[in-house]
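Here is what each chain is made of, one letter per residue.
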Amino acid sequence: MQSSTWIGASQFCLQPGDLLFQQQDLAPIHHLINHAFRGYGGHAFTHVALCVGSSTDHTTDDSQVSHVIEATTPAVRYTGVLPFLDAAGRDGQQRPRVGVFRLKLEYQPLVDGAIAHAKTLVGLPYNRYFDRTKTAYYCSELVVDSFRHANGGEPLFCETPMNFLNPHTGKVFDYWEQHYRQVGRPVPQGEPGSHPSLLTLSEAIEVVHYYGDLA
């Protein structure tokens, strides 16, 4: 599917430090993530990435956003903006269901430090345990830690208790039970963590653009 039609029709320009929140609907895990929490406008988001100037440490014009850094399987990586948008779910007009959130003016000085820290995490494995290790990362954890580092160790985005429960039964979803049984760990229900949807509720950021209509 070509993305040139919808991206060319939009005059919106990404900035370094912008956060791209995806709505995905391709795999069972995405539906489970949707069940955990609701975010801005009552929408559920399944994935988040940090916009950076480029995929190199040195660039002649770092104001031109061409890549994001995302924590996804199998490892933290650079991804082009267009491939990232193409990986999102689609609305009725085949546009990517992605919201762009930007740090408010008073927090913009943290952007460079957050990007610099995120770049040091590229290549680390995806944190499939969703624990508090700093040797592997999941998507929202990367954002939380990068901005905490830029903010002198003080959290900009608060951690929240993780939720693996089926809201209808109050029990852990079978998917998560099987997942943690396979890795030999208890389900970390209620342990400190983060979630893309809850990040969108932060008072430090504001929505500045939607690429498509959110579900």
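Caption draft 1: Highlighting the packing of aromatic side chains. Summed over all chains, the structure comprises 14 aromatic pairs. Taking the centre distance of 5.7 Å and the plane angle of 65° together, the rings of Phe21 and Phe45 count as edge-to-face. Taken as a pair, Phe21 in strand 1 (residues 19-22) and Phe45 in the loop between helix 2 (28-36) and strand 2 (47-52) lie far apart in primary sequence, 24 residues in all. In this pair, the class of Phe21 matches that of Phe45, namely buried. Centroid distance Phe164 to Tyr180: 5.8 Å. Interplanar angle 85°. Geometry classified as edge-to-face. In this pair, Phe164 is assigned in the loop between strand 6 (160-161) and helix 6 (174-183) and Tyr180 in helix 6, connecting sequence segments 16 residues apart. Both residues of the pair, Phe164 and Tyr180, count as buried. An aromatic cluster of at least three residues, connected via ring pairs, comprises Tyr126, Phe130, Tyr138, Phe164, Tyr175, Trp176 and Tyr180.

Caption draft 2: Representation of the confidence of the model for the chain. For the chain, the mean per-residue pLDDT works out to 87, and 86% of the residues sit at or above 70. The spread of mean pLDDT over the elements of the chain runs between helix 1 (residues 4-9), the lowest at 49, and helix 4 (residues 111-121), the highest at 98.

Caption draft 3: Geometry of the environment of Thr73. Mapped onto the elements, Thr73 comes out in the loop between strand 3 (67-71) and strand 4 (76-80). Each C-alpha atom of the pair Thr73 and Cys139 lies 9.9 Å from the other, and the pair is 66 residues apart in sequence.

Caption draft 4: Quick look at the nonpolar core. Counting 29 residues, the largest nonpolar core has Leu19, Leu142, Phe147 and Phe157 as its most contacted members. Sequence-distant contacts of Phe157, that is, excluding residues within four places in its chain, are made with Leu19, Val143, Val144, Phe147, Leu199, Ser202 and Ile205. One finds Leu14, Val81, Val98 and Val100 within the second-largest nonpolar core, a separate group that totals 13 residues.

Caption draft 5: Region of interest: the sheet that holds strand 5 (residues 98-103). Spatially, the 6 strands line up as an open sheet ordered 4-3-2-1-5-8, and their pairing is antiparallel. Because the sheet does not close on itself, it has two edges, and the strands there are strand 4 and strand 8 (205-210). This sheet shows a mean twist of 30° between the axes of neighbouring strands, independent of strand direction. Note: strand 1 against strand 2, 4 bridges, orientation antiparallel. Note that in strand 2 the partner of Leu19 across the bridge is Leu50. In the packing of helix 4 onto the sheet, contacts are made with strand 2, strand 3, strand 4 and strand 5, and the angle to strand 2 comes to roughly 110°. Sheet strands in contact with helix 5 (residues 139-150) are strand 1, strand 2, strand 3, strand 4 and strand 5, and its direction is about 45° off that of strand 2.

Caption draft 6: Local environment of the pairing of strand 5. Of all 6 residues in strand 5, 6 are buried, a share of seventy percent or more. What you see with strand 5 is no split at all: Val98, Val100 and Arg102 on one side and Gly99, Phe101 and Leu103 on the other are buried throughout. Sheet topology places strand 1 next to strand 5; 4 bridges connect them, and they run antiparallel. Pairing of Leu20 across the sheet is with Val100, part of strand 5. Pairing analysis gives 5 bridges linking strand 5 to strand 8, with the strands arranged antiparallel.

How each quantity is defined
Residues numbered from 1 in each chain as written. Predicted model: local features only at pLDDT ≥ 70, side-chain atom pairs only at ≥ 80, totals over all residues. Heavy atoms only, no water. Phe/Tyr/Trp six-rings, centres within 6.5 Å; stacked < 30°, edge-to-face > 60°. Helix = DSSP H or I, 4+ residues; strand = E, 2+ residues; numbered from the N terminus. Buried < 20%, exposed > 50% of the residue type's maximum accessible area, 1.4 Å probe, protein only. pLDDT = per-residue confidence, 0-100. Core = buried A, V, L, I, M, F, W, Y, C linked by side-chain atoms within 4.5 Å. Contact = heavy atoms within 4.5 Å. Pairing = 2+ DSSP bridges. Axes fitted to C-alpha atoms, helices over the stretch in contact; angles between N-to-C directions.

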